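Chain residues, written in single-letter form:
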Amino acid sequence: MKLINSFAEYQKHYDFSIENPEAFWADVAENFLWRKKWNRVLEWDFHKPEAQWFIGGKLNITENCIDRHLPERANQTAIIWEPNDPSEEPRNITYQELFHEVCRVANMLKAQGITKGDRVCIYMPMIPEVAYAMLACARIGAIHSVVFAGFSAGSLIDRINDAGCKLVLATDGAYRGDKIIDLKSIIDEALEKCPTVERVLVAKRTKSKVNMKPGRDLWWEEEIRNVSDVCAAEEMDAEDLLFILYTSGSTGKPKGMVHTCGGYMVYTNYTFKTAFQYQDGQVYWCTADVGWITGHSYIVYGPLSAGATTLMFEGIPSWPDMGRFWHVAEKHRVNIFYTAPTAIRSLEKAPLSFVRQYDLHSIKVLGTVGEPINEEAWHWYHDNIGRGKCPVVDTWWQTETGGFMISPIANITKLKPAYATLPLPGVQPAIMDENGNELLANGVEGRLAIRFPWPAMARTIYGDHQRFKDTYFSTFPGKYFTGDGCKRDEEGFYRITGRVDDIIIVSGHNMGTAEIESAIDEHSAVCESAVVAYPHDIKGQGVYAYVICYDKPHEEEKLRKEIRELVAKIIGPIAKPDKIQFVSGLPKTRSGKIMRRILRKVAEGDTSNLGDVTTLLDPSVVDEIKGGAL
Ligand code: PRX
């Protein structure tokens, strides 16, 4: 693969990728192990919508992530695992060991009757076994659906049932700082309502006492003893499903984004190597959880397909103290460090001594993802973690895009704090105005769309292609709509300004306001609710809920606590409202639509100019809401 060594070269590659995308991507795809080459690079139609890449190509992504590295890298560390507790030994897993571990899990799945096309749910903490589990599914052509282990039983039920998973790979529990999370009992609760699940394989992590349901639950450690450590890889079509990963939608129901084998492999590998300028032998650390797309693409598939050493961290940045990230970076001599703005903002609040006590000279490149990074956090990160020398690679992308879209190339693209800068080769952004016209000039602001397919784009929403079309391809017909607002400055650099739909991003996690509202509405005292975001110092956005009760609550604090706990139980602790304001009505138009603009303004603490409220059914509710703002 041609490496980009200068900005002029970036421009040359970029121009070529636009003029001749098929030749560009065919050239990149030559660098992989294909059982059979593709017949055609691309077929697409964004009106249907449809995109297929490397048509007729046959491959297995695990042969590209593992087998092909063995001649040269058998003894190189593939995964460094740093446990939650710093006094527990880290583990180094070589590519040779990874091969055998993945094969064993693959054979264990086969022994349970899992075959190509079956869906397998993975609900596990950040231990090496979770990577083995994903790769084992891919090895035998099963489709994994990883569910973030911070989600509750309710979220698990929706995701398992939507995908029709046959088997769950799980652990007894999870460590999170000084807490133990009882994962198995969450699974037990969920599976009461998941008729498709026949088996649960439970790995021991916390050694907590758990219930094992006879005929359904098996211990991982016992089953794996009986199988071989070699497993032939299933031949997959480039367009066969690799995984489903759920992301929040504007309506309550999460969307199962479908990613396929060939294009996803080519793109995550290419973008990983290009944006970070990954050099052979470097240690790379992405702090995300594998429950999110960042973990899929840039802890597991991208780095491993590039033969990199990828660090997996089980713990949290604040335990045992606020220096943990920097301790881990020093301990494992991390060269590329990739995290989220919310983590940077919380660590920025701690005394600098937590940073300064560690030697961070090994770090050469910094990355950020998940939400817009504010300038202050950018500078703190650049100056204190990057010693003023390391580029901050601000990668804009989405679960739907599979890989980086707009991002600097480390040490090549000029940096601008808070800007994701320029599109990577192959990516054709378009900024659209409210009327659906493309704004072609520089110095404009509007909504971000993408004009042309890229190999890792999601192909559909699992089981609901119409929703895929409605959500992403109807706002601007013929273009993919990202849901994000965006500026392009005079120089052509892009800055993502945030969501323009009903998705909010709390601590880097996407959540649909409708999803939170329906959880709040489950409380027997609640008649109706409306959720909006407000700016939050650390989380980026906080959850502000306006709640109407059937009867005026007597004990507001008690009810707030109950509502928070209920949301945590139904969705997960990350969705808990930060602020709950009890109101007697919501600002609705005569047609019954909630005017969220007003609710957002009040939540932001800006009540001076609420705009035109005359179209409201009952304008007096606005005064009440303003008066009771938290
Ligand atoms: O709003 C954008 C924001 O996160 C959304 C995608 O969220 P998710 O699918 O959970 O994927 C997160 C990890 C890729 C986007 O629509 N976002 C992501 N990265 C950035 C960002 N906003 C600004 N700058 C970024 N670098």
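K.L.:
Describe in detail the side chain of R459, supporting the description with residues and values.
P.N.:
One can find R459 in the loop between β23 (444–450) and β24 (460–461). Reaching out from R459, the side chain makes a polar contact with the side chain of E239 at a distance of 2.8 Å. Within polar-contact distance, the side chain of R459 engages the backbone oxygen of P455 at 3.1 Å. Here R459 is in contact with A51, W53, E239, V258, T260, G263, W454, H465 and F468, once residues within four sequence places are set aside.

K.L.:
Help me get a handle on the site of the ligand, residues and values and all.
P.N.:
The local shell around the ligand holds 18 residues, among which D394, T395, T399, D484 and R499 are the closest. One of the side-chain N or O atoms of Q398 is found 2.9 Å from an oxygen atom in the ligand. One of the side-chain nitrogen or oxygen atoms of T399 is found 2.6 Å away from an oxygen atom of the ligand. For the shell around the ligand, the elements supplying multiple residues, two or more each, are α11 (293–305) and β26 (494–499). Grouping the amino acids of the shell around the ligand by side-chain chemistry returns seven nonpolar, six polar and five charged.

K.L.:
Just give me the short version of the pattern of salt bridges, but keep the residues and values in it.
P.N.:
Evaluation of the coordinates by the stated rule reveals 41 salt bridges. R35 is paired through a salt bridge with E235; the nearest N and O atoms lie 3.5 Å apart. One end of the pair, R35, is in the loop between α2 (21–29) and β1 (40–45); the other, E235, is in the loop between α9 (220–224) and β13 (236–237), with 200 residues separating them in the sequence. Here R35 falls in the partly exposed class, since its relative accessible area comes to 38%. With its nearest N and O atoms 2.6 Å apart, the salt bridge here joins R451 to E438. Separated by 13 residues along the polypeptide, R451 in the loop between β23 and β24 and E438 in strand β22 (residues 438–439) bring together distant segments of the chain.

K.L.:
A description of the packing of α2 against helix α10 (residues 261–276) should follow, citing residues and the corresponding values.
P.N.:
As a packed pair, α2 and α10 sit with axes 10 Å apart at the nearest point and diverge in direction by 85 degrees. Between α2 and α10, the crossing angle belongs to the class labelled roughly perpendicular. Side by side, α2 and α10 meet where F24, W25, V28 and A29 of the first sit next to V266, Y267 and Y270 of the second. Residue classes in the contact of α2 with α10 are distributed as seven nonpolar, no polar and no charged.

K.L.:
Explain the pairing of strand β4 (residues 77–82) to me, and be specific about the residues and the numbers.
P.N.:
With six of its six residues buried, β4 lies for the most part within the structure. As paired strands, β4 and strand β5 (residues 91–94) are joined by four bridges and run antiparallel to one another. In the sheet register, I79 faces β5, and the bridge partner there is I93. By the bridge criterion, four bridges tie β4 to strand β17 (residues 309–313) in an arrangement that is parallel. By the bridge assignment for β17, I79 is matched with T310.

K.L.:
So what about the sheet that holds strand β11 (residues 199–203)? Which residues, and what values?
P.N.:
Within the open sheet, the eight strands sit side by side as β12-β11-β8-β6-β7-β14-β15-β24. Their pairing is mixed. Every interior strand has two partners, whereas the edge strands, β12 (217–219) and β24, have only one. Here α11 sits on the sheet in contact with β7 (143–146), β14 (241–247) and β15 (255–260), set at roughly 140 degrees to β14.

K.L.:
How would you explain the nonpolar core if you had to name every residue and give the values?
P.N.:
Core analysis: the biggest nonpolar cluster contains 126 residues, and W25, W34, F54, L98, I122, L169 and Y301 have the highest contact counts within it. Top element by residues in this core is helix α6 (residues 128–140). It accounts for 10 residues. Sequence-distant contacts of L98, defined by excluding residues within four places in its chain, comprise I66, A78, I79, I93, Y132, L135 and L304.

K.L.:
So what's going on with α10? Which residues, and what values?
P.N.:
What sets the pattern is the α-helix's 3.6 residues per turn: residues three or four places apart point alike. The end-to-end C-alpha distance of α10 is 23 Å, a good match for the 22 Å that 16 residues give at a rise of 1.5 Å each. Counting buried positions along α10 gives 15 out of 16 residues, so the element sits mostly inside the fold. One or two residues past the end of α10 sits Q277, with phi positive at roughly 50 degrees.

K.L.:
Account for the side chain of T287, with residues named and values stated.
P.N.:
Relative to the assigned elements, T287 resides in the loop between β16 (283–286) and α11. Within the local environment of T287, its side chain forms a polar contact with the side chain of T339, the two groups lying 2.8 Å apart.

K.L.:
Tell me about the packing of aromatic side chains, residues and numbers included.
P.N.:
Using the criterion set out here, one finds 46 aromatic pairs in the structure. Here W25 and Y270 contribute two aromatic rings whose centre-to-centre distance is 5.4 Å and whose plane-to-plane angle is 80 degrees, an arrangement assigned as edge-to-face. Taken as a pair, W25 in helix α2 and Y270 in helix α10 lie far apart in primary sequence, 245 residues in all. Just as W25 is buried, Y270 falls in that class too. One aromatic cluster is present, built from ring pairs that chain together F24, W25, W34, W38, W53, F54, Y267 and Y270. A cation over an aromatic ring shows up here: R91 above the ring of W81, its NZ or CZ 5.4 Å from the ring centre. When the ring centre of F493 is taken as reference, the NZ or CZ atom of K414 above it lies at 5.5 Å.

Rules used in this analysis
- Residues numbered from 1 in each chain as written.
- Predicted model: local features only at pLDDT ≥ 70, side-chain atom pairs only at ≥ 80, totals over all residues.
- Heavy atoms only, no water.
- Helix = DSSP H or I, 4+ residues; strand = E, 2+ residues; numbered from the N terminus.
- Polar contact = N/O pair within 3.5 Å; in protein donor to acceptor, adjacent residues only side chain to side chain.
- Contact = heavy atoms within 4.5 Å.
- Near = heavy atom within 4 Å.
- Nonpolar A, V, L, I, M, F, W, Y, C, P; charged D, E, K, R; others polar.
- Salt bridge = Lys/Arg side-chain N within 4 Å of Asp/Glu carboxyl O.
- Buried < 20%, exposed > 50% of the residue type's maximum accessible area, 1.4 Å probe, protein only.
- Axes fitted to C-alpha atoms, helices over the stretch in contact; angles between N-to-C directions.
- Parallel < 35°, antiparallel > 145°, perpendicular 65-115°, else oblique.
- Pairing = 2+ DSSP bridges.
- Core = buried A, V, L, I, M, F, W, Y, C linked by side-chain atoms within 4.5 Å.
- Expected span 1.5 Å × (residues − 1).
- Phe/Tyr/Trp six-rings, centres within 6.5 Å; stacked < 30°, edge-to-face > 60°.
- Lys NZ or Arg CZ within 6 Å of the ring centre and 35° of its normal.

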